[in-house]
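One letter stands for each residue in the lines below.
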Amino acid sequence: MTTITERAAAAAGRTAEIDDLKLPDGYVDQFPEQSPAPDPMADYEPGNDDPEQVPVGVAWLRVRRDIRAISKDQQYNQAGTRFNFRGVDTVVNVFGPVTLKHGVNVLSSQVEATYGEKTTAKGTKMRECSVLVTWTIMGPLGDTLTLQTMGEALDTADKATTKAQSVALRTLLLGFGLTPTHDKDPDADRIERGNDAPARSAESYRDEILSPKTSPGRLQQISYELTNLRMLGAKVANENNEQETLDSLGRRIYGERTGGGQ
């Protein structure tokens, strides 16, 4: 280790003399040489309790596999509106320990917020906040994924921004986690239509197809209805009093009105 005297001598182009090195008792060098601090992770090796060192995509997949599903156990029931939902606290409580287990960090790296004001039917002023949040998902190796979600919220005080960010976080975890509810599939029930309304005739569809007031969008909808009713092959007298199927008639008229030909 050199002293300030030796450094001064070196700066002057000479070597410090012995007399120059005689310093008062108790003298402390105020400028000791600075050595780089040792890297605490230089000799680090994952232990048995640490997450497996895998890419972030694999770690996130393992998080999804462990979570499986989060049911809609919470219920909103106010002002005549009632529905089940998964609140952000419930979602975070489920995801938190699992992401820790697999060495996944969820970090908000950027928040873009816009604000407005809304007035309720009772005249109460509410602050509206919409946020676009950029998230960084970091895996155990330090590699990352970048994702974005949006959130909206209303509040009468100063919590709109916090609420909006909470919604964005819930959307991130449920949406990019593809987290199911294990609710019954709405398509599992098949409801037969009653006979309250009589089925339309092929001629009534023909008249609607030929009507100049029928838009191309409605023509497409008619085709969908005829498919479900299995009436595309039904023959009717067209505008030239010739027999033509409803399918052919609809396609031809649609092409004429959109400029696409038959």
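Model, not experiment: these values are computed from the prediction.

What counts, and where the lines are drawn
Residues numbered from 1 in each chain as written. Predicted model: local features only at pLDDT ≥ 70, side-chain atom pairs only at ≥ 80, totals over all residues. Heavy atoms only, no water. Salt bridge = Lys/Arg side-chain N within 4 Å of Asp/Glu carboxyl O. Pairing = 2+ DSSP bridges. Helix = DSSP H or I, 4+ residues; strand = E, 2+ residues; numbered from the N terminus. Axes fitted to C-alpha atoms, helices over the stretch in contact; angles between N-to-C directions. Contact = heavy atoms within 4.5 Å. Core = buried A, V, L, I, M, F, W, Y, C linked by side-chain atoms within 4.5 Å. Buried < 20%, exposed > 50% of the residue type's maximum accessible area, 1.4 Å probe, protein only. Polar contact = N/O pair within 3.5 Å; in protein donor to acceptor, adjacent residues only side chain to side chain. 1 Å grid on protein atoms, 1.4 Å probe; cavity = no way out; pocket = protein on both sides within 12 Å on 5 of 7 lines; lining within 4 Å. Points joined across faces, edges and corners; volume = space filled by probe spheres on them. Nonpolar A, V, L, I, M, F, W, Y, C, P; charged D, E, K, R; others polar.

J.: How should I be thinking about the pattern of salt bridges in this particular structure?
T.: Two side chains with opposite charge may pair up if their charged atoms get near one another. By the definition in use, this model includes 12 salt bridges. Note that aspartate 155 and lysine 163 form a salt bridge whose closest N and O atoms lie 2.7 Å from each other. Residue arginine 200 pairs with glutamate 208 through a salt bridge whose shortest N-O separation is 2.9 Å. Here the residues in one salt-bridge network are Arg200, Glu208, Arg218 and Glu225, joined through shared partners.

J.: Just checking my understanding: could you explain the sheet that holds strand 3 (residues 105–119) for this structure?
T.: The 3 strands are arranged 3-4-5 in an open sheet whose pairing can be described as antiparallel. Two strands lie at the open edges of the sheet, namely strand 3 and strand 5 (144–155), each paired on one side alone. On average, each strand axis in the sheet is tilted by 15 degrees relative to the strand beside it, whichever way the strands run. Across 14 bridges, the pairing between strand 3 and strand 4 (residues 125–138) is antiparallel. Residue pairing across strands places serine 108 opposite tryptophan 135, the latter belonging to strand 4. Each of strand 3, strand 4 and strand 5 is contacted by helix 4 (residues 160–176), which is oriented at about 135 degrees to strand 5, the strand it contacts most.

J.: Would you take a moment to explain the nonpolar core for this structure?
T.: For soluble globular proteins, nonpolar side chains are generally found buried alongside one another. By size, the foremost hydrophobic cluster in this structure holds 24 residues, and its most contacted members are Phe95 and Ile137. Per element, the largest residue contribution to this core is 6 residues, and it comes from helix 4. Among all residues touching isoleucine 137, those that are not within four sequence positions of it are Val56, Trp60, Val104, Asn105, Val106, Asp143, Thr144, Leu145, Leu147 and Leu172. With 11 residues, the next largest nonpolar core counts Ile209, Leu219, Leu249 and Ile253 among its residues.

J.: Any chance you could explain the pairing of strand 5 here in plain terms?
T.: If a strand is regular, its side chains alternate between the two faces of the sheet. Sheet topology note: the strand 4/strand 5 ladder contains 12 bridges and is antiparallel. Looking at the pairing, valine 133 lines up with threonine 149 of strand 5.

J.: How should the side chain of arginine 206 be read in this particular structure?
T.: In this structure, arginine 206 sits in helix 5 (residues 202–210). Within polar-contact distance, the side chain of arginine 206 engages the side chain of aspartate 207 at 3.1 Å. Beyond its immediate sequence surroundings of up to four residues, arginine 206 is in contact with Val236, Ala237, Leu246 and Leu249.

J.: Would you explain unusual backbone geometry in this entry?
T.: A negative phi angle characterises most non-glycine residues, just as the trans form characterises most peptide bonds. Backbone geometry places arginine 68, a non-glycine residue, at a positive phi of 65 degrees. The topology assignment puts arginine 68 in the loop between helix 2 (56–67) and strand 1 (74–78). Judged by relative accessible area, arginine 68 falls into the exposed class, the value being 61%. Its identity is not glycine, yet arginine 230 carries a phi of approximately 55 degrees, on the positive side.

J.: Which parts of the structure should I look at to understand the environment of serine 130?
T.: Counting through the fold element by element, serine 130 comes out in strand 4. Separated by 15 residues in sequence, serine 130 and tyrosine 115 place their C-alpha atoms 6.5 Å apart. Leaving out residues up to four positions away in the same chain, serine 130 has contacts with Glu112, Ala113, Thr114, Gly151 and Glu152.

J.: Can you walk me through the layout of surface pockets in this structure?
T.: Where empty space is left in the structure can be found by rolling a water-sized probe over the atoms. Within this model, the second largest pocket holds a volume of roughly 240 Å³. Along the walls of the second largest pocket sit Gly87, Val88, Glu152, Ala153, Leu154, Lys163, Ser166, Val167 and Arg170, which together make up its complete lining. Those elements giving two or more residues to the lining of the second largest pocket turn out to be strand 5 and helix 4. It is helix 4 that provides the largest number of residues to the lining of the second largest pocket, a total of 4 residues. For the lining of the second largest pocket, the class distribution of residues is 4 nonpolar, 2 polar and 3 charged.

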